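A look at the structure
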Amino acid sequence: MTRLFRLKRNRELAFVWALLIPALIIYLFYRVIPLLWNVVLSFSFWAPGKPLEFAGLYHYEEMVFFDDGFWIALKNTGVFMLATPVAISLALALALLVDQKIRGRNIYRTLIFLPYPMMVVAVGIVWRWLYNDSVGLINYGLRTFGIISEPIAFLESYRFAMISVMAAAIWQIVGFFMIIILTGLQNIPPHLHEAALIDGARAHHRFWRITLPLLRPSLFLCVILGVIASFTSFDLIYTMTGGGPGRETELLITYIYKASFTLSQFDYAAAMTVVMFALFLTLATIANRLSGGDAGKVDITD
Amino acid sequence: MATVEFRNLVKRYGSVEVVHGINLSINDGEFLVLVGPSGCGKSTSLRMLAGLEDVTAGEILIGEAEVNEVEPRDRDIAMVFQDYALYPHMSVYDNMAFSLLYRKTPKAEIRERVMETAEILGLTPLLDRRPKQLSGGQRQRVAMGRAIVRKPQVFLFDEPLSNLDAKLRASMRLEIKKLHRSLGVTTVYVTHDQIEAMTLADRVVVMNGGNIDQIGSPEEVYHAPRTLFVAGFIGSPTMNLLPARSNGNSTLSVAGQTLNVASRFTPPDEDRDLVFGIRPEDITLSAEDASGSEIEGLIDVVEALGPDTLVFVNVGEQHLIARVNPDIHPVTGQPVRLNFNIEKSHLFDARSGEALS
């Protein structure tokens, strides 16, 4: 043992592992084992208290060929994902604004960022109240300005439920995206803009040819975070609509939750989780590829 | 090519004035260097000329036209920045072509001009590379290429060599000089490095605290500094500046000794604080017992640089530097006598800093 620690390299390595192991143990029990158990479960018949039986692709066939609920949830998740490009465009515009030398820009930055760290359940409840047809502020405003004559029950309406939920999701995440983009903007050396100014590029040329290309890593980081958010926005949907009306706002994540904890179909839910995981991995990989493999990178000096 | 003129140029940031109404007229095709310590207003003046900073008061003229309100892109200038400011996401070719893109230059001509410029600067094999794949010297060259390709009226350089190592700096200095000779474009070059100023400039403008202290050829600012500041700033090691008093009969009291300066200048009669200046190379050392030497001191440190040797001498409270022949081998701690070449000495008023000679 003492021999082993004689080499400096080994001592350093031992120290590194000593620091890593506590985190790795937690990671193993809360991430790796459940994930593997989930994969096993997806190929099995199992219910709490029952023995595990091999099911092959049974659940996957069920999901693909017989469960239209899954397809609706998948489609809704795709629609919900469209909130990401909207949020990113909005965040880019806001970031460009608060990057200007305007009075009180730190106040604007803080105000726009503020919704992000708020608890999602609280955000859901506040927005549910805002959308309410009898006491909601939005209906009150629309009626006051004479835009509508009858109150709209946004979250109970097939027409507006999804878009209303997406608006809330955008409102919450836009500040976070703005901060990411702002960091990217501030990492662009000011001399580049000055050089372009002298080179004769007008404001829109500078935006398309200098700012946007150099923001690419930041923008793709937002894309990936947005994709993650749309797969995991359980709390917002659950507090605002619970997936309704009907299945109008049912996302994969809420559908999986219902399958496991309402209907106790843990094995079937596990199969859907595996599919969701695969989809997410694919999208994130594509986004990272498109960004040139450096999503989130802010160092552009060298 | 064009002339450039500053008329009572002032820059103020809020209540802080950083450039105090400077006047400067630059000839067509001239290489003018603005030199001074950081914060002297040289970069601000250059940026006003480029149009990157607003002019608070006064006028800037390029050619015959006042350009105070003219956008940078319409001033027909090109600028090389200290950190090169290359577009990191574009190839060397695109970096150089960028400025022609927005000037309605036909594609074929852009290509021709970029290729021609790349040839001049030896960048042809690097045209497809990105800036981060280049060495510091190569990046510097691309930055210059980007400026040259435009064929502007005026070149502006903002401390372009500061980020390079000493060896590369010397060779780039040479290239810039050759380039200017072959292109003949009016050039305004900002630096805090007096060697760059001395070697590159047709005329040097020494700035100090937002004012111009002296405008002149490198020889003039070196041999006839108009102020104490210029005397101390230009030259390395710096000029020895010693407090002095006039004795009234063409002699000065310097470092407790009496110096006869009649051959060079007539010191003022009245009793006021003066500064006597002498460059290190205008001091010679002689052994203690040699006659005729005027100032006596102790050798503190000896630095043998090769081509010459610097000798640091303590004379009472004063510290002097002499630059001597390397064949002389002074010994630390030994007493020496210093001979000043009075013909090359300088005298300044301590209060105003103005030269009296």
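Residues numbered from 1 in each chain as written. Chains lettered and ligands numbered in written order. Predicted model: local features only at pLDDT ≥ 70, side-chain atom pairs only at ≥ 80, totals over all residues. Heavy atoms only, no water.

Time to look at unusual backbone geometry. Residue and element names in this part refer to chain B. In this structure, Pro237 follows Ser236 across a cis peptide bond, with omega equal to -5°. Even without glycine at this site, Asp76 takes up a positive phi of about 60°. Within the fold, Asp76 resides in the loop between strand 5 (65–66) and strand 6 (77–80). Look at Asp76 and you get partly exposed, because its relative accessible area is 27%. A positive phi angle is found at Glu159, which is not glycine, with a value near 45°. For Glu159, a relative accessible area of 8% corresponds to the buried category. (Helix = DSSP H or I, 4+ residues; strand = E, 2+ residues; numbered from the N terminus. Buried < 20%, exposed > 50% of the residue type's maximum accessible area, 1.4 Å probe, protein only.)

Residue and element names in this part refer to chain B. Helix 5 (residues 166–183) packs onto helix 4 (residues 136–148) with a crossing angle of 20° between their chain directions and a minimal axis gap of 11 Å. The angle between the axes of helix 4 and helix 5 places the two elements in the roughly parallel class. Along this stretch, helix 4 crosses helix 5, giving a crossing that reads as right-handed. In this structure, helix 4 uses Gly136, Gly137, Gln140, Arg141, Met144 and Ile148 to contact helix 5, whose residues at the interface are Leu168, Met172, Glu175, Ile176, Leu179 and Leu183. Looking at the contact of helix 4 with helix 5 residue by residue, the class counts come to seven nonpolar, three polar and two charged. (Axes fitted to C-alpha atoms, helices over the stretch in contact; angles between N-to-C directions. Parallel < 35°, antiparallel > 145°, perpendicular 65-115°, else oblique. Left-handed = near helix turned anticlockwise from the far one by under 90°. Contact = heavy atoms within 4.5 Å. Nonpolar A, V, L, I, M, F, W, Y, C, P; charged D, E, K, R; others polar.)

Bringing the nonpolar core into the picture now. Within the largest apolar cluster, 97 residues are counted, with the highest numbers of intra-cluster contacts made by Ile181 of chain A together with Leu156 of chain B. With 14 residues, helix 8 (residues 161–186) of chain A is the single largest residue contributor to this core. Ignoring anything within four residues of it in the chain, the contact list for Ile181 of chain A reads Ile88, Ala91, Leu92, Ala95, Leu215, Ser218, Leu219 and Cys222 of chain A. Core analysis: the next-biggest nonpolar cluster, separate from the first, contains 45 residues, Leu134, Val142, Ile148 and Ala197 of chain B among them. (Core = buried A, V, L, I, M, F, W, Y, C linked by side-chain atoms within 4.5 Å.)

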